[in-house]
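So you can see what is in the structure, the chains are spelled out below.
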Amino acid sequence: MAQPSRPLSPHLSHYKPEVTMVMSIMHRITGFGLFLGIIVLTWWLVAAAWGDGALALVNTVMSSWFGKLVLFGFTWSLFHHMLGGIRHFIWDFGAGFSRAARFGFAWATLVGGLVLTVLLWALVLLA
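Residues numbered from 1 in each chain as written. Predicted model: local features only at pLDDT ≥ 70, side-chain atom pairs only at ≥ 80, totals over all residues. Heavy atoms only, no water.

**Structural notes on the overall build of the protein chain**
Part 1: Regarding its fold elements, the protein chain presents 4 helices and 0 strands.
Part 2: What you see for the protein chain is a C-alpha radius of gyration of 20 Å, clearly larger than the 14 Å of a compact globule of 127 residues, by over 25%.
Part 3: With respect to the principal axes defined by its C-alpha atoms, the protein chain has extents near 65 × 45 × 25 Å.
Part 4: In the protein chain, buried positions account for 22% of the 127 residues.
Part 5: Contacts spanning at least 24 positions in sequence make up 70% of the contacts within the protein chain whose residues lie at least 6 apart.
Part 6: Counting only carbon and sulfur atoms, one obtains 76% of the accessible surface of the protein chain, whose full area is about 9200 Å². (Helix = DSSP H or I, 4+ residues; strand = E, 2+ residues; numbered from the N terminus. Rg over C-alpha atoms; globule rule 2.2 N^0.38 Å. Buried < 20%, exposed > 50% of the residue type's maximum accessible area, 1.4 Å probe, protein only. Contact = heavy atoms within 4.5 Å. Areas by Shrake-Rupley, 256 points an atom, 1.4 Å probe, with all protein chains shown as cover.)

**Things to note about the environment of T109**
Part 1: Structurally, T109 can be placed in helix α4 (residues 99–126).
Part 2: Once the C-alpha coordinates of T109 and H27 are considered, the two residues, 82 residues apart in sequence, prove to be 9.7 Å apart.

**Remarks on the side chain of T75**
Part 1: Within the element layout of this structure, T75 appears in helix α3 (residues 65–92).
Part 2: Here the side chain of T75 touches W121 through a polar contact of 3.1 Å, side chain to side chain.
Part 3: With near-sequence residues (within four places) excluded, T75 lies in contact with T117, L120 and W121. (Polar contact = N/O pair within 3.5 Å; in protein donor to acceptor, adjacent residues only side chain to side chain.)

**What about the packing of aromatic side chains?**
The description of two aromatic rings rests on the distance between their centres and on the angle between their planes.
Part 1: Under the counting rule described, the total for this entry stands at 5 aromatic pairs.
Part 2: A ring pair is formed by W65 and F66, whose centres lie 6.0 Å apart and whose planes are at 80°; its orientation type is edge-to-face.
Part 3: Residues W91 and F97 carry aromatic rings whose centres are separated by 5.9 Å and whose planes lie at 20° to one another, so their mutual orientation is stacked.
Part 4: Using a relative accessible area of 18% as the deciding quantity, one classes W91 as buried.
Part 5: Residue classification places F97 among the partly exposed residues on the basis of a relative accessible area of 46%. (Phe/Tyr/Trp six-rings, centres within 6.5 Å; stacked < 30°, edge-to-face > 60°.)

Scope: geometric values only; no functional claims are made or implied.
And the structure:
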């Protein structure tokens, strides 16, 4: 059998990882993280409707160090995904396609998500 002589799509290993590529991948990962976070939120809502015992269990789990880590990750995922969505919204208007703007938006998404997460958690823990 003759093999077709068409080009193959390059694999990810052929590309140099740049911040824009990493932020695109992180946008997809944070979308999945939001899905998992909604499952945790649903667990809490169902436990609240179920009764005091179920709600106490969920609150105990979520107030542990692991639960707080999960909530912190969910918060970061929410902010990171939101800022990535704003970046895509700006692109929908045809703006921000220069190399400097793309890299600036990527870094702003990364740093902004972390800063907003830390600020929210500081407000919650200090209140």
